[in-house]
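Listed below, chain by chain, are the residues.
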Amino acid sequence: SGWILHLQLGWIYPSPGEDGSLWLWKESLGWVWTDRKIYPFLYAQSLGNWLYFYGEFKQQRLLFDYGSNEWKRLDESAVNESDLDR
């Protein structure tokens, strides 16, 4: 089917781009673009801005959204920064 299970991002649908770049579809993100030189930075097409995939922290997979200047859970919405202090 083309879907793959990425150890950190979960279920994604990859589509190769030019020059080794990669488009990824994830339900909670839509289409994001990256390549091996800039990952874990992702360009979110629907948002028109960059995300930084931090990875897992306190059992949450986190992204930093440079457009809204806030942390978000990969599969959910914004994270209250006080939750990260716990």
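As the structure is a prediction and not an experimental result, all values here were calculated from the model. (Residues numbered from 1 in each chain as written. Predicted model: local features only at pLDDT ≥ 70, side-chain atom pairs only at ≥ 80, totals over all residues. Heavy atoms only, no water.)

(A) Structural detail: the overall build of the protein. Broken down by element type, the protein carries one helix and eight strands. Its helices and strands taken in sequence order, the protein reads β-β-β-β-β-β-β-β-α from the N to the C terminus. Taken over 86 residues, the protein has a buried fraction of 30%. Contacts in the protein between residues far apart in sequence, at least 24 positions, make up 14% of those at least 6 positions apart. Here the protein displays about 5,800 Å² of accessible surface, and carbon together with sulfur accounts for 51% of that area. (Helix = DSSP H or I, 4+ residues; strand = E, 2+ residues; numbered from the N terminus. Buried < 20%, exposed > 50% of the residue type's maximum accessible area, 1.4 Å probe, protein only. Contact = heavy atoms within 4.5 Å. Areas by Shrake-Rupley, 256 points an atom, 1.4 Å probe, with all protein chains shown as cover.)

(B) Fine view of the sheet that holds strand β6 (residues 49–57). Reading across from one edge, β1-β2-β3-β4-β5-β6-β7-β8 is the order of the eight strands in this open sheet, with antiparallel pairing throughout. On the outer flanks of this sheet lie β1 (4–6) and β8 (70–73), each paired with one strand and no other. Neighbour-to-neighbour, the strand axes of the sheet open up by a mean angle of 40°, direction not taken into account. As paired elements, strand β5 (residues 41–44) and β6 share four bridges and run antiparallel to each other. Following the sheet pairing, F41 is matched in β6 by Y52. (Pairing = 2+ DSSP bridges. Axes fitted to C-alpha atoms, helices over the stretch in contact; angles between N-to-C directions.)

(C) View of unusual backbone geometry. Omega for the peptide link from Y39 to P40 comes to 25°, which places this bond in the cis form. Tracing the backbone through its elements, the reader meets P40 in the loop between β4 (30–35) and β5. If you check the backbone angles, K58 has positive phi at about 50° while not being a glycine. With respect to the secondary-structure elements, K58 resides in the loop between β6 and β7 (60–65). The class for K58 is partly exposed, based on a relative accessible area of 40%.

(D) The arrangement of the packing of aromatic side chains in detail. For the coordinates displayed, the defined rule picks out ten aromatic pairs. Members of the aromatic cluster, each reached through a chain of ring pairs, are F41, Y52, Y54, F57, F64, Y66 and W71. (Phe/Tyr/Trp six-rings, centres within 6.5 Å; stacked < 30°, edge-to-face > 60°.)

(E) Structural view of a nonpolar patch on the surface. Together, W3, L5, W11 and Y13 give the surface a local cluster of nonpolar side chains, amounting to about 460 Å² of exposed area. Among the structural elements, W11 can be located in strand β2 (residues 10–16). (Patch = residues over 30% accessible without salt bridge, like charges linked within 9 Å, V, L, I, M, F, W, Y side chains within 5 Å. Salt bridge = Lys/Arg side-chain N within 4 Å of Asp/Glu carboxyl O.)

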